Amino acid sequence: MSTMTDTNPTDVPQSILKSPKHWRNRIAGHHWRTGDEEFDAAKLGMWLFLTTEVLLFAGIFCGYAVFRMMYPEAWANGSHYLDWRFGAANTAVLLLSSWTAANAVRCAQLDKQFWLRVNIIITIACAALFIFIKLKFEYMVKLGEGKAPGTFFSYPYAQDPHEPLWWSLYYIGTGIHAAHVIIGAALFGVVLYYAKRYQAYGPTQYTLVENAALYWHLVDLVWIFLFPLLYLIH
Amino acid sequence: MMMPTLATAQPGALEKLIFGPKLPASEPAAMADGLFMMITWFSVFFFVVLMGLMFYFMIKYRRREGVPTEPSPHHNTLLEIFWTVVPSSSLLVMFVLGFQGYTQQIVSPSDAMELRIEGNKWNWLATYPNGASSPEFQPLSRKVIESADGMSSSTIKGRDYPIFYLPENTSVKFRMNSQDVIHSFWIPEFRVKRDVIPNRYTTYGIKTPRLTAADTYIHQETGEEMLGRDMWVFCAEYCGDEHSRMAATLRIVPQDYFNQLMEDWGVTGLPWEEGEKIYKQMCASCHLIDGGKLVGPPWNESSDANGQYGWGYPVSLESGGTAERDANYYRESILDPNAKIVKGYAPQMQSYQGQLDEDDINNIIAFIQTLSEVPPNPHLEGEGGESESEAGNQAEEAAGSES
Amino acid sequence: MSTLDAHAGHHEEGSYLSGPPGIMAKVWQWATTVDHKKIGVMYLFAVLFMFFVGGMAALLVRYELIDPMREVLVQTVDANGDIIETTATQGENLKDLFEGLGMHEDLTGTQIYNRAFTLHGAVMVFMFIVPSIPASLGNFFLPVMLGAKDVAFPRLNLLSWYIYLFGSTFGILSILMGGVDTGWTFYTPYSTTTDADHWRVVLMVTAAFILGFSSILTGLNFVVTVHKLRAPGMGWFDMPLFIWAVYATSIIQVLATPVIGITLLLLIFERIMNIGIFDPAMGGDPVLYQHFFWFYSHPVVYVMILPAMGIISELLAVHARKHIFGYRAIAFSSLGIAGVSFLVWGHHIFTAMGELAAVLFSGLTFLVAIPTAIKVFNWIATLYKGSIVLNTPMCYGLMFLFTFSIGGLTGLPLATLATDLHLHDSYFVVAHFHYVMMGGTVIAFLGGIHHWWPKMFGKMYNEPGALIGMALVFIGFNVTFFTQFFLGTQGMPRRYANYVDEFQTLHQISTYGSWILGLGMFVHLAVFIHSLVAGEKAPANPWGGLTLEWECESPPIEHNFHHEPIVKHGPYDFETTVPPHWDPKDYPIHPDAGKATH
């Protein structure tokens, strides 16, 4: 089965399109000429929104680059303090969830209501696992050692005076990313509710599934940049 | 059109209207003025042409009932290319001239005299190569009206601002940094400013002008008319409450006089005189010594609704309770200002740890002691507060052995 | 077309203003509406209220500046040189004013002044001028001019409005708690250290942060609307230039606002948790903040001016009954300005940056002057052989050309490095950006409001009254701000509560000008109120406009059009087309019309 998320699935059998599901009754908002146009518009809007998200994180990456240039020592030390194995585990978790998110879209297109829900549940579970690893093995442990941002920094064995700055950027970058993970999971929660309660998504109506998945891919993508920058580069 | 002769040329009426009565003080400054005038004439030309056409069309093509709009082309490629290319090339000229002028204004020769400029809220402090800093101050303005019976009344505006002396016809490089927030060191007559930033140095250079016989200033102490040229220094980057009073006077004087000052200032005075210097440089923007209230409490013996001020008196604290105003109290208030907040005031002061050494703190405390009737005041049987600084200045040479 | 009519059936609808009976029902209908027109009208009143608040702060600022120095000491000395009398007089106008009103603030005069100008800047920028034209007139007219029934995402539009209200509430709260003294730019490290122990600065920064989201969502909505909801027959180059301008604006909003979002977020963290990114004491870089800040705030200058330019294109064409000259040049220059605007932020910090960067930014800054100049030339050329009527909207259109040209041309010495070293952070800059922001945006906004007032509310305004207001605004504005150019070149720094005596005359003239300007604004307010209460009923197309909003009724019906409009003529074909709702008898066509080259 392909995991491609075509906007216009032509390979859907006619029998599916005739089944009595909620999604079949949906009509476009009054100001749209057709449902297709509405779908295209919603996707264009989502892409624009993703652009703004990229630019938001660009600010953090820019700060990272500037201070890395100013204090290379602190930055090298900083990434040594991070355990790449937790980062890699979280990367794997997010990649898996991205795959299930894409699957969810495909399932909606093919009207596989059960697998749609399963994929969404796995995605949400992965989000929870990601947050759990982040909190339990990284944030809690590091804060306990005094590796806190800015003036809260009290780690006694710091070798560079600018390490508090590194931790500031670490917590802000991963923290804002984690907030996005939670928002994405909540979005999938809404999708799950509609999918279960109304069977609201099907071959001609899967806008919200698609947009939630798009958002989720962005969350994944940001982590793909954060992981090497924070954990791997010394 | 941008000849160096501009530097020596007398400004016309328009230049006077635009830049005020004060002449540009250096050649790059005069060239910047020239460039400004060039841009202004360019702008005036375009503005007059555009507005002329606008008003002409407005009248010529006013609406007449029943008369239809006459058709005309909706665009004209040649015309549009023309009015894109011609202004663009003028802009290129401005850019290049501006770039050239900029390098002349910013860069200073390697043998320039270096003046360290420090900005703090809300003072300028200049340190000369020999480590001295200026002990001279003057208010913003002082107008004296004498009446027939020998009485005179003088109107004084502003607190005392430091006077930075510089020798004439010398290249000077300012090496600047800030103790707290961002400031900007602007000398309007040199047509140049640069931001003064914490944790890094910024620099720029000026070449002080030659003095002519017409360049005179009134000395703030003696009232004498002397050869030299006063100009204002302003802080141009917003820095808080007293931003608008973060000023200084730059005084260009003959080389001999400058050398003499350098020799004089190398000498250390009595502790309270040194303390008064520090007070004027660093403390006077927040603490008055005439009982008035600024951001911080006054230092002299006085009282208001919140309690009594001055050395030796108990202080009511914002947190409740009282403390004794003794040497330890003042030392703590300088190094850890938020430890004890005087009733009626906000925790606004920053720590001077690292900026003032032990000697400086001692000297400030000695100065505070002179402002109170409570012992040990070395002036107890002497003069009042006002004549003190004059006495201090005259005693400068004599005080060489002290410290 | 037919798909729309199938489930439309809007033929008997009333005006969008007619709601259910009963006050509470009306309030509920407005509060929950997804109608872009209602949202646009709510925005209009909100931004005008913010303009009033910011304007009052401006008058306070000017009032303080009548006198140069607050602390004046008069010493009387007798013949022996002894001081016999010392009197201190206080020239603190604002403090005296507040105390006269019975408010005993525990602040010094300069502290009150600093709060007043910060209030003026922050309210005017974040709560008035950024949302002003796009969110009010844009919201109302963008869908109508495109022939659509609503914006692409009506509920998102309502969300933007509530985010705007929410953010503004934070700002107002901060002001009520005593205001902030950071300046609207929140420069670090001043903004992170001032007013320690107080939440006011955090509240104000949070307000700006939240307002950013409103701006992003509105921009996003408009971009999608323009792409997807143009009426049949309306190609990209058949769109009115106002739409082009709002489109370019929206792109800037979407791309630039997130950067200020993260910047202000970092500032909030810095303030609450001392993370140190902008704190020099911890190795942070305060100038980095300025780069981040201006990366947003320079493009946002064009968010302010581009919609104004769009309005001017409409005003001049309609009231001169003339096809706009160089349509494509104006459309593309909007996009060009939007593009270049992202590359020129550095000119705000010439005095804080290295030489090489300064030269680069200076060059790029000159680039942005070119598309702007092209627009002005095109507007003047549009007037050629027109049929010009000098009513209030047109007078504002022409006033825009006058003031905006001054604003644009005085940008040149600021872009030129050698002269900027002197003029930077002086009153010259203050005058320059007021000529662009107020002389540009606010003037165009006023023109636009008068132009579309009959359409929005179905009432005509009183023309002589509005013309008097316009004249007062013109005189007051120029008296207030032209003097400030001279203050700047003579060496008066910005944001000064006290100044040296030599600047007093110019400052006084400027203050008197601000009173005339304020009076003009109150005349306009009176005219608007009079129109709402007792205005004549407006015809559907009072000016003879050709864009689609003039095909609607005045005010438009709930879904704008009875039938989906089909575009048959260009938005500016005044020479060949009788406007909708007009009798051909009243609109003579020139016999040569249509033969002109295109």
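Before any of the text, the structure's been laid out above.
Summary of the structure given here.

Reading the values: rules and limits
Residues numbered from 1 in each chain as written. Chains lettered and ligands numbered in written order. Predicted model: local features only at pLDDT ≥ 70, side-chain atom pairs only at ≥ 80, totals over all residues. Helix = DSSP H or I, 4+ residues; strand = E, 2+ residues; numbered from the N terminus. Buried ≥ 20, exposed ≤ 12 C-beta atoms within 10 Å, placed from the backbone. Contact = placed C-beta atoms within 7 Å. Pairing = 2+ DSSP bridges. Nonpolar A, V, L, I, M, F, W, Y, C, P; charged D, E, K, R; others polar. Axes fitted to C-alpha atoms, helices over the stretch in contact; angles between N-to-C directions. Parallel < 35°, antiparallel > 145°, perpendicular 65-115°, else oblique. Left-handed = near helix turned anticlockwise from the far one by under 90°. Expected span 1.5 Å × (residues − 1).

**Some thoughts on the overall build of chain A**
The helix and strand inventory of chain A stands at 8 helices and 0 strands. The burial tally for chain A puts 41% of its 234 residues in the buried class. Pairs at least 24 residues apart make up 79% of the contacts formed inside chain A by residues separated by at least 6 positions.

**Remarks on the pairing of strand β14 (residues 247–253) of chain B**
Residue and element names in this part refer to chain B. Counted residue by residue, β14 has 7 buried out of 7 residues, so it is predominantly covered. Residues Ala247, Thr249, Arg251 and Val253 line one face of β14 and the alternating positions Ala248, Leu250 and Ile252 line the opposite face, and both faces are buried. Where strand β13 (residues 229–235) meets β14, 6 bridges bridge the pair, whose relative direction is antiparallel. For Val233, the partnering residue across the bridge sits in β14 and is Ala248.

**Remarks on unusual backbone geometry**
All names here are of chain C. The step from Thr188 to Pro189 runs through a cis peptide bond, and the omega angle for that step is -5°. Mapped onto the secondary structure, Pro189 falls in the loop between α6 (154–176) and α7 (190–193). Here the phi dihedral of Asp425 falls at roughly 55°; this positive angle occurs in a residue that is not glycine. For Asp425, the location among the structural elements is in the loop between α15 (417–423) and α16 (427–457).

**Here's the deal with the interface of chain A and chain C**
The interface is formed by 30 residues belonging to chain A together with 34 residues belonging to chain C. Secondary structure elements with two or more residues in the side of chain A that touches chain C: α3 (35–70) and α7 (163–198) of chain A. For the side of chain A that touches chain C, the element with the highest residue contribution is α3 of chain A, accounting for 15 residues. Grouping the amino acids of the side of chain A that touches chain C by side-chain chemistry returns 15 nonpolar, 12 polar and 3 charged.

**As for the interface of chain B and chain C**
At the junction of the two partners, chain B supplies 82 residues and chain C supplies 96 residues. Elements with a minimum of two residues in the side of chain B that touches chain C: α1 (13–19), α2 (27–60), α3 (77–106), β5 (152–157), β8 (183–187), β9 (192–196) and β13 of chain B. The biggest single contributor to the side of chain B that touches chain C is α3 of chain B, with 15 residues. Looking at the side of chain B that touches chain C residue by residue, the class counts come to 44 nonpolar, 24 polar and 14 charged.

**Structural notes on the packing of helix α10 (residues 286–320) of chain C against helix α13 (residues 392–409) of chain C**
Residue and element names in this part refer to chain C. In contact at an axis separation of 9 Å, α10 and α13 are set at 125° when each is read in the N-to-C sense. Looking at the two axes, α10 sits oblique to α13. Crossing of α10 over α13 shows left-handed handedness. Every residue of α13 that contacts α10 at Ile312, Leu315, Leu316 and His319 is listed here: Pro393, Met394, Tyr396, Gly397 and Phe400. For the contact of α10 with α13, the class distribution of residues is 7 nonpolar, 2 polar and no charged.

**Some words on the sheet that holds strand β3 (residues 137–138) of chain B**
Residues and elements named next belong to chain B. Taking strand neighbours across the sheet as the criterion, the 6 strands line up as β3-β6-β14-β13-β8-β9 in an open arrangement whose pairing is mixed. Looking at which strands have only one partner, the edges of the open sheet turn out to be β3 and β9. As judged from the 2 bridges shared by β3 and strand β6 (residues 161–167), these two strands associate in the antiparallel manner. By the bridge assignment for β6, Gln138 is matched with Tyr161. The strands touched by helix α4 (residues 255–265) within the sheet are β6 and β14, with β6 carrying the most contacts at an inclination of about 125°.

**Notes on α13 of chain C**
Taking 1.5 Å per residue as the helical rise, α13 of chain C with its 18 residues ought to reach 26 Å, and the 25 Å between its terminal C-alpha atoms agrees with that figure. Along α13 of chain C, 17 of the 18 residues are buried, which leaves the element largely enclosed by surrounding structure.

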